[in-house]
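# Structural overview
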Amino acid sequence: MPNISVTINGVNRSVREGVTILEACQTAGVEIPTLCYHPDLSLAGNCRMCLVEVEGWRTLAISCVTPVTPNMKIRTHSKKVRHARRTVLKLLLAAHNVNCPECERNGNCELQELAEKHNITVNEFQTSPKPCSFEEASPGVMRDNSRCILCTRCVRTCEELQSVAVIKPVGRSNQVRISTFMDRGLNEVPCTQCGQCINRCPTGALFETSEIRQVWEAIEDPDRFVVVQTAPAVRVGIAEALGFPTDRSTGRMVAAIRGLGVDRVLDTDFTADLTIIEEGYELIDRLKRALADGDQSAVLPMTTSCSPGWIKFIEHKYPDLLPNVSSCKSPQQMFGALAKTYLAGKENVDPSKVVCVSIMPCTAKKFEKERPEMNSSGYRDVDYVLTTRELASMIQEAGIDFANLRDEKFDKWMGDSTGAAVIFGATGGVMEAALRTAYEVVTGQEIPFNGLNITPVRGMEGIREASITMPERMAKGYEFLAGATLKVAVAHGLTNADKLMDRVRAGEVDYHFIEIMACPGGCLGGGGQPIPTTPEIRQKRAEAIYAEDSALHFRKSHANPEIQLLYAEFLKEPLGHRSHELLHTHYRTRD
Amino acid sequence: MSRNPVDIVTSAMEKYGSGREAIMQMLTDVNRELGYIPEEAIRAIAAAVGVSNAEIYSVLSFYSFFSTEPRGRNIVRLCNTISCRMAGAGDILAAIEDELGIRAGETTPDDRVTLETTSCIGLCDQGPAMLVNDTPHTRLTPDEARRIIAGLQ
């Protein structure tokens, strides 16, 4: 599109035709306050924070939805604009439960920040404070509508990014609320607990169900043996959650968690590597049965199973495709099952004393650990799940000087990991890790990509596909794959997953293996990650993930020395008897 | 004997199709036939149109003539907007509540009448006004209102 000339606050600017006033101002470095606007979502134009004055117009313009026109004269902080904005802000604050010290988002709230920036100290519209209206029953995502400003970012997130659409505006006029079918709890509707709504809520109306108190109590109880596992995406999110620029900070994260007083700091990456072995062998087994043995019961494509939001989504929406899902538990649940069996044995502690705490970029993990079948160790496999944000809050409460910590290493037995495990945190990572191992198992050779970087499955495109042709010479027992072309696909964000599964259901695609992550960007964009989130922020986190992969000595899951020890001493073989008991699971149809 | 809600939705779909624009007509048919919109009907409409249950609930919750709760055989909607109030709607409400022994928003125990107040029904020049089922009654007096209510079967 050609450029056109506009005037912003008296300065001539050349901007692209078709952009909105807001975009034109942002490009020109002129800040306009917004609330309902979000770069990941469609435009709503309902909050009226971004009003600007356009010369010759009778009314103020909603800058986020108004396109620029040639020679438009825009004023972003005229008396009229400032007055309108302050009024809008005061009205929003008057309808909001302004009990900031009791709010999860105190210090990271867009409404609070705007009130501060606009110096709203007296609010003539303020009436009696609204009481809290907590929804307590939901395992991962909580709501308090007394803090809601009806911007509908959550509604748009749920519908547009996730195709879940369980939250909607309900009622009319001053009775409008963001609610669910028949005003039920989030645990009684097909909510996936992905928490993407939390990441986009400008206030504290949506937040995770916290387990900080329970974790402190476990740490403070001398009888309990607290074992912490940290997911791949946490190490690229924790610095951000503590107010530092996005960076990988694995060593400092380990030091900070140890500083909280836990007994062992271990790595979910260890069980990510284990997932790759088990899932890789499961894929090879399905391929063999389908392609070599003509076994009709071998279902392809196989999809990944590490994302609990995705699992809940498919259980609700595509129950007929559940046989396609890998039977592997997620790395979090594999870790829990091993922590109270294998690790308890190695550490010589009573498994009933072990408290397994996960640090996850995810809110759906809080739901996953509550699934009744997740008790194969004889105990609740995972006791508590904290989000990256909750961990940051504990580090701050403990007064740990994160910036000046020295790097520390994970404890042993379940602390080793590889680059293949780290990239689980980014969309495409599980696929890449699985291919690095599976290719080598069936061919006896490393996968022929420069530096093991399987770039076709990387990136932020919503659905990506790749194919890999096997050589003619295969390892013994895998000759049936000689010359075969393995077709794979990757989707992130449940709307993309939905599109892809529609095509699978219709039989329009002939993939063998599909990776699906519920959240945009994969786990690095998870519902438990630092707020805010934008495409740029997720890109930076992805770069940090791949930098961590490149920096690690071991890049392939099967090269993990502690994984090799685990198989030698405990599991014996992939897909073996103990694996089936501890590491594999089943799914169910949900309404 | 009223029809099954799912059957009503099925015949509505035959008449109006299953696009999003058919949602209001499907809801209206169910509401007219049953006097309310049961959960089963919401689920059936959502499935027919291919949207979430929450979406249909969101739509119907906007309209005060739609209800998700069963209501009486007759629905009395007294206008509660400013013109009718100034013309004496308060006295009318008191008279009807007294006549029926229920408050606005309630249904008589024998399911004969549901009493509601409503926003403007466009009869501001003839207030106080009310709708009894689909029939408007205007320039009401308390006695006239009692007489109309008493005549409902």
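Definitions and cut-offs
- Residues numbered from 1 in each chain as written.
- Chains lettered and ligands numbered in written order.
- Predicted model: local features only at pLDDT ≥ 70, side-chain atom pairs only at ≥ 80, totals over all residues.
- Helix = DSSP H or I, 4+ residues; strand = E, 2+ residues; numbered from the N terminus.
- Buried ≥ 20, exposed ≤ 12 C-beta atoms within 10 Å, placed from the backbone.
- Rg over C-alpha atoms; globule rule 2.2 N^0.38 Å.
- Contact = placed C-beta atoms within 7 Å.
- Nonpolar A, V, L, I, M, F, W, Y, C, P; charged D, E, K, R; others polar.
- Domains from an automatic or database assignment.
- Pairing = 2+ DSSP bridges.
- Axes fitted to C-alpha atoms, helices over the stretch in contact; angles between N-to-C directions.
- Core = buried A, V, L, I, M, F, W, Y, C linked by C-beta atoms within 7 Å.
- Parallel < 35°, antiparallel > 145°, perpendicular 65-115°, else oblique.
- Left-handed = near helix turned anticlockwise from the far one by under 90°.
- Expected span 1.5 Å × (residues − 1).
- Arc of directions from axis to C-beta.

Moving on: the overall build of chain B. When you go through chain B residue by residue, the secondary structure sums to 7 helices and 4 strands. Going residue by residue from the N terminus, the α and β elements of chain B occur as α-α-α-α-β-α-α-β-β-β-α. Oriented by its inertia axes, the alpha-carbon framework of chain B measures out at about 50 × 30 × 25 Å. A burial count over chain B gives 34% of its 153 residues as buried.

Quick look at the overall build of chain A now. On a plain count of helices and strands, chain A comes out with 19 helices and 17 strands. In summary, chain A has a C-alpha radius of gyration of 25 Å against a globular reference of 25 Å for 591 residues, a match within 12%. With respect to the three principal axes, the spread of C-alpha positions in chain A is 80 × 60 × 50 Å. Every one of the 591 residues in chain A was classed for burial, and the buried ones make up 50%. For chain A, contacts bridging at least 24 residues in sequence account for 74% of all contacts bridging at least 6.

Another point: the interface of chain A and chain B. A common way to state how big an interface is: give the accessible area lost once the parts meet. Counting residues at the interface gives 12 residues for chain A, matched by 10 residues for chain B. In the side of chain A that touches chain B, the residues fall into 8 nonpolar, 2 polar and 2 charged.

Taken domain by domain, chain A comprises domain 1 (3-91), domain 2 (95-208), domain 3 (212-267 + 351-404) and domain 4 (271-331 + 417-582). For domain 1 of chain A versus domain 3 of chain A, the distance between C-alpha centres works out to 43 Å.

Right, let's talk about the sheet that holds strand 3 (residues 130-132) of chain B for a bit. For sheets, the rule is that strands pair by backbone hydrogen bonds, running either parallel or antiparallel. All names here are of chain B. Strand order in the open sheet formed by 4 strands is 2-1-3-4, with mixed pairing between adjacent strands. With partners counted over all chains shown, the strands left at the sheet margins are strand 2 (113-118) and strand 4 (135-137), one partner each. Pairs of neighbouring strands in the sheet enclose a mean axial angle of 20°, with direction left out of account. Here strand 3 pairs with strand 4 via 3 bridges, running antiparallel. The partner of Leu131 across the bridge, within strand 4, is Pro136. Relative to strand 1 (residues 74-79), helix 6 (residues 89-100) is tilted by about 155°, and along the sheet it contacts strand 1 and strand 2.

As a further point, take the domain arrangement of chain B. Looking at chain B, the domain boundaries give domain 1 (5-62) and domain 2 (74-150). The C-alpha centroid of domain 2 of chain B is placed 28 Å from the C-alpha centroid of domain 1 of chain B.

With that settled, consider the sheet that holds strand 17 (residues 513-517) of chain A. All names here are of chain A. Pairing in this open sheet of 4 strands is mixed, and the strands run 12-17-16-15 from one edge to the other. Taken across any chain shown, the strands that pair with only one partner, and hence form the sheet edges, are strand 12 (302-303) and strand 15 (463-469). As judged from the 7 bridges shared by strand 15 and strand 16 (residues 485-492), these two strands associate in the antiparallel manner. Bridge pairing in strand 16 links Ile463 to Ala491.

Looking now at the nonpolar core. Core analysis: the largest hydrophobic core is formed by 182 residues, its most contacted members being Val227(A) and Ile45(B). The contact partners of Val227(A), leaving out residues within four places of it in the chain, are Asp263(A), Arg264(A), Leu266(A), Ala339(A), Leu343(A), Val354(A), Val355(A), Cys356(A) and Val357(A). Listed in part, the 18 residues of the second largest apolar core include Ile75(B), Ala87(B), Ile92(B) and Ala145(B).

Glancing now at unusual backbone geometry. Residues and elements named next belong to chain A. For the bond running from Leu300 to Pro301, omega is -5°, close enough to zero to count as cis. Residue position: Pro301 is located in the loop between helix 9 (268-292) and strand 12. Positive phi, close to 70°, is recorded for Arg48, a residue that is not glycine. Note that Arg48 resides in the loop between helix 1 (21-27) and strand 3 (51-54).

Once that is clear, we can look at the packing of helix 2 (residues 23-34) of chain B against helix 3 (residues 39-49) of chain B. Residues and elements named next belong to chain B. Closest axis-to-axis distance for the helix 2/helix 3 pair is 11 Å, and the angle between their directions is 155°. Compared by their axis directions, helix 2 and helix 3 come out roughly antiparallel. Relative to helix 3, the crossing made by helix 2 is right-handed. Here Ile23, Met26, Leu27 and Val30 of helix 2 lie close against helix 3, whose contacting residues are Ala41, Ile45 and Val49.

Turning to the environment of Ala489(A), a few remarks are in order. Residues and elements named next belong to chain A. Tracing the backbone shows Ala489 in strand 16. Along the backbone, Ala489 and Met394 are 95 residues apart, and their C-alpha atoms lie at a distance of 38 Å. Those residues in contact with Ala489 that lie beyond four places of it in its chain are Ile463, Arg464, Glu465, Leu500, Tyr511 and Ile514.

With that settled, the discussion passes to helix 6 of chain B. Residues and elements named next belong to chain B. Given a rise of 1.5 Å per residue, 12 residues ought to cover 16 Å, and the 16 Å separating the end C-alpha atoms of helix 6 matches this to within 8%. Turning to helix 6, its buried residues number three or more, namely Ala89, Ile92, Leu93, Ile96 and Leu100. Across the axial projection of helix 6, the buried residues extend over an arc of 100°, all falling on one side. The outward face of helix 6, more than 90 degrees from its buried face, is lined by the exposed residues Ala94 and Asp98. Lining the buried residues of helix 6 we find strand 1, helix 5 (82-86), strand 2 and helix 7 (142-150). In the stretch just after helix 6, Gly101 is the one whose phi turns positive, near 75°.

Glancing now at helix 13 (residues 388-397) of chain A. Residues and elements named next belong to chain A. When we look at burial in helix 13, the residues that qualify are Thr388, Arg389, Glu390, Leu391, Ala392 and Ile395. Looking at the buried residues of helix 13, the elements they touch are strand 9 (206-208), helix 6 (212-220), helix 7 (238-241), helix 8 (250-259), strand 13 (354-360) and strand 14 (384-387). Following helix 13 by one or two positions, Gly399 adopts a phi angle in the positive range, close to 70°.

Quick look at the packing of helix 6 of chain B against helix 7 of chain B now. Helices that pack against each other are described as a pair by the angle of their axes relative to one another and the distance between those axes. Residue and element names in this part refer to chain B. Orientation of helix 6 relative to helix 7, taken along the N-to-C sense of each, is 35°, at an axis distance of 9 Å. Note that helix 6 runs across helix 7; the crossing there is right-handed. Here Asp91, Ile92, Ala95, Ile96, Glu99 and Leu100 of helix 6 come into contact with helix 7, specifically with Pro142, Ala145, Arg146, Ile149 and Ala150. Here the contact of helix 6 with helix 7 is composed, by residue class, of 8 nonpolar, no polar and 3 charged.

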